Amino acid sequence: MKEPTVKLTLAADIDERDKIYSEILKFSRAQIVEREFESYERIRAMEAKISALAERAGIKPELGYTDIMYGRTIRKTHFSGSSFDEVLSDVNAKVGSTVNALEQKVGELETIESRLQSLSSETLKLNPFFGINVDLSFLESMNRFCVKFFTSKVRINIAGALVAYVEQGGSYLGVTVCSPEREQEIVGKIALARGVLLQSPPNAIPDRRLAEISSEIKELEGSKARAEKELAALREESQDVINASVETLRLLSEVTQLGEPAGRFIIVRVEVLREDVGRFMREFKGIAMIAADEHSDELELVNNFYSSNFEPITENQGTPSRAEIDPTPIISFVFPLFFGIMFPDLGQGLIIAILGAIIYLKGWKNKKKWGAMLLSFGIAASVAGILVGEVFGFSTDNIPLIGKYLWGLRVLNVSTLTYSTIMLILMFSLMIGIIHLSSAYFIDFYQALRVSWRRAMMSKLPVFIAYVGGVLIGLSIIGGNYSFNLFGGRAALIGVPNLYLSAFSVPITAICIVIFLTYSIKLEGPMNGAIAFMFIVIEFLANTISYARLGVLLMVHVILMHTLNQTAALGATSIPLLVFGNLGIMALEGLIVYIQSLRLHVYEWFTKFYTGSGKRFMPISRWLTHAEIDIK
């Protein structure tokens with residue numbers, strides 16, 4: 001379902017600005033349409049400071065799935081006050097000491113890391129002089145001789161010069177070249193031609209300085225380890241309040257951008273859900289004059305507790321426009337159904353469901369929704385596993401106590417994939433696809449009917465009826481042993497005599513094709529109309545056949561599990577193989593099944609009726625995951 005929005009314009013005395021800020025914070029389901037007024041400088045500065053500190057300290061703005069699995073959760077921080085400024089003061093009071101402690105510890109660690117980096121650079125410069133226990137500063141006072149130091153991968157020979165080598169480890173050599181002063185330029189050219197690197201001699205004794213650096217690095221690394229441990233503890237303790245303060249300051253910064261000063265007045269434009277307009281006007285009645293503008297293109301998706309978790313799949317294709325239905329309720333039923341058909345296993349389904357439940361209970365916002373979807377996928381896979389009698393690839397009758405009852409619920413035996421079983425699975429998959437595609441063509445007709453009656457009746461309805469008619473004709477052909485005698489025998493699956501079924505389906509389908517072609521040719525010309533019809537026929541066939549993947553992946557899962565379970569004959573040594581094999585199949589096949597379910601929706605279903613050209617309503621409350629704001 002969709003909930004439309006309404007744009008409102010408020011005009012108030014400019015002295016009421018802070019009061020408007022406070023009321024907007026109370027009314028968190030509003031969205032600011034225009035941001036004309038500069039936000040408070042101190043809010044922006046505080047937000048920038050804490051955001052930068054959080055990044056330096058490694059504080060993540062959201063929990064990852066690994067954090068959730070380890071039981072990490074978010075502890076919300078409450079900020080309150082009787083006015084906007086009091087909320088800001090409460091943020092400062094609750095986060096100030098934490099920021100100072102975190103900044104001090106981060107600064108300490110950064111100082112240590114900076115010093116380590118400096119020492120590391122100095123070590124690289126000194127390495128070519130390793131083994132030299134002499135102060136080389138005397139070289140600067142030499143008049144008749146020149147001494148140069150190089151780093152090279154190969155030994156070099158320079159005529160008329162004394163060359164010494166020191167192993168530097170790996171494939172590098174420290175090369176010392178002593179030559180007459182007059183040949184200094186020649187030595188430089190030869191070195192350049194050989195690709196060696198010139199090194200500047202240190203001011204200190206190389207070996208002694210290297211020993212000092214090694215000792216200091218060891219000490220600093222110990223200090224770094226202690227600082228990192230202390231920072232980790234401080235980060236664990238402070239990340240919730242830090243994230244809450246960043247969220248709140250971001251929200252306060254947005255709210256203070258409300259309105260455009262116009263003399264003694266401030267003009268504010270906001271957007272609220274239509275159902276909230278009455279409450280909004282009551283809240284602001286004593287503060288401002290309010291005018292409503294019904295023209296708004298933004299929508300809020302409003303679905304029930306279960307279906308709302310599937311909104312990410314819908315929004316992956318875009319937000320529905322005003323002329324489109326919200327397909328989320330349909331997706332919330334069909335998507336798990338597809339997953340269950342392709343992944344029928346009671347044991348693995350229960351594990352996926354438990355994993356989804358943990359993510360749902362511990363997660364926030366979209367992660368919570370993904371957890372709920374995973375839970376539904378696991379339940380669907382478990383139910384499908386009962387219906388085909390599979391638990392970790394074994395028969396459900398092997399389960400102690402309840403096995404015989406579960407075996408009695410089996411409707412399809414997949415333990416031996418006979419020809420008749422395979423054909424039954426594929427036919428069932430295609431029927432599911434036909435129903436799914438038919439719903440897409442009907443939705444397309446219904447949406448067109450709300451915009452243009454003529455286009456709906458002359459283009460969309462004929463396509464829908466022609467598809468259904470084409471399916472019935474196909475069933476007649478199959479039931480007649482593929483003889484194309486549409487009036488003999490009975491239709492496959494439904495068992496209706498072809499004499500009656502074809503007498504209805506053939507003329508109705510033909511009439512719909514004529515209506516569609518006539519309308520398309522008149523609208524787009526003969527060539528474009530014929531091409532459009534040809535592509536629709538191809539889509540009918542290709543899209544319907546595509547749903548065979550439901551049955552194919554079901555059989556792939558059964559074969560994989562039965563192959564894996566052959567290792568059970570090895571006895572106790574097979575346990576690790578069975579455990580890791582099941583985990584591998586769950587991870588890999590679960591991902592494949594999800595992708596295929598998504599593909600059937602995105603390429604076969606959505607493309608028939610959905611553009612997703614709408615814009616999602618984004619209230620200011622979207623910021624808040626870690627914080628709660630209470631205006632008294």
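As a reminder, the structure under discussion sits directly above these lines.
Residue positions within a chain follow its written sequence, with the count starting from 1. For a predicted model such as this one, the threshold for reporting local features is a pLDDT of at least 70, and the threshold for listing and counting side-chain atom pairs is 80 or more; totals across whole chains, interfaces and linings nevertheless cover every residue. Each side-chain value is worked out from all heavy atoms of the structure, with water and hydrogens disregarded.

Q: So what's going on with the overall build of the protein chain? Residues and values would help.
A: Looking only at helices and strands, one finds 18 helices and 15 strands in the protein chain. For a compact globule the rule gives 2.2 Å times the number of residues to the power 0.38, and the radius of gyration it is set against comes from C-alpha atoms. In terms of overall size, the protein chain is more extended than a compact globule, its C-alpha atoms giving a radius of gyration of 37 Å where 632 residues would be expected to give roughly 26 Å. For the protein chain, the spread of C-alpha atoms along the principal axes amounts to about 115 × 80 × 65 Å. For every residue, the accessible area (1.4 Å probe, protein chains only) is compared with the maximum for its type, and the residue is labelled buried under 20%, exposed over 50%, or partly exposed between those bounds. Within the protein chain, the proportion of its 632 residues that are buried is 45%. For helices the rule is a DSSP run of H or I covering at least 4 residues; for strands it is a run of E covering at least 2, with both sets numbered from the N terminus onward.

Q: Could you give an account of a nonpolar patch on the surface, naming the residues involved and the relevant values?
A: Patch construction takes residues with relative accessible area above 30% that form no salt bridge. Like charges are linked within 9 Å, and nonpolar side chains (Val, Leu, Ile, Met, Phe, Trp, Tyr) are linked within 5 Å. In short, Shrake-Rupley with a 1.4 Å probe defines the accessible areas, and a residue's cover is counted only from the protein chains shown. Each reported salt bridge corresponds to a side-chain nitrogen of Lys or Arg within 4 Å of a carboxyl oxygen of Asp or Glu. Together, F487, L493, I494, V496, L499 and Y500 make up a nonpolar patch on the protein surface, roughly 590 Å² of accessible area in all. Mapped onto the elements, F487 comes out in the loop between α14 (453-479) and α15 (498-524). Of the residues examined, F487 reaches a relative accessible area of 47% and is grouped as partly exposed.

Q: Just give me the short version of the pattern of salt bridges, but keep the residues and values in it.
A: Scanning all chains against the criterion turns up 19 salt bridges. A salt bridge links R75 to D240; its shortest N-O distance comes to 3.4 Å. One end of the pair, R75, is in the loop between α3 (65-69) and β3 (77-81); the other, D240, is in helix α6 (residues 206-255), and 165 residues separate them in sequence. Take R75: its relative accessible area is 46%, and that puts it in the partly exposed class. The salt bridge partner of E604 is R599, with a shortest N-O separation of 2.9 Å. For E604, a relative accessible area of 4% gives the class buried. Here R599 falls in the partly exposed class, since its relative accessible area comes to 31%. Overlapping salt bridges, with partners in common, bring together E300, E311, E315, K369 and R616 in one network.

Q: Explain the environment of I352 residue by residue, including any values.
A: Tracing the chain through its elements places I352 in helix α10 (residues 346-362). Assessed through its relative accessible area of 8%, I352 is described here as buried. For the pair I352 and Q239, spaced 113 residues apart in the sequence, the C-alpha separation amounts to 30 Å. The contact criterion used throughout is that any non-hydrogen atoms of two residues lie within 4.5 Å. Sequence-distant contacts of I352, that is, excluding residues within four places in its chain, are made with F339, F343, L374, G378 and M586.

Q: Which residues make up the pairing of strand β9 (residues 265-273), and what values go with them?
A: Only strands that DSSP links by at least two bridges are regarded as paired with each other. Judged from the nine bridges that link them, strand β1 (residues 2-13) and β9 form a sheet pairing that is antiparallel. By the bridge assignment for β9, L10 is matched with V268. Here strand β2 (residues 31-32) pairs with β9 via two bridges, running antiparallel. The residue bridging Q31 from the neighbouring strand is E271, located in β9. Where strand β8 (residues 260-262) lies against β9, three bridges are found, and the strand directions are antiparallel. Across the sheet, P261 pairs through a bridge with I266, a residue of β9. Joining the antiparallel neighbours β8 and β9 is a turn of two residues, in which G263 adopts a positive phi near 70 degrees.

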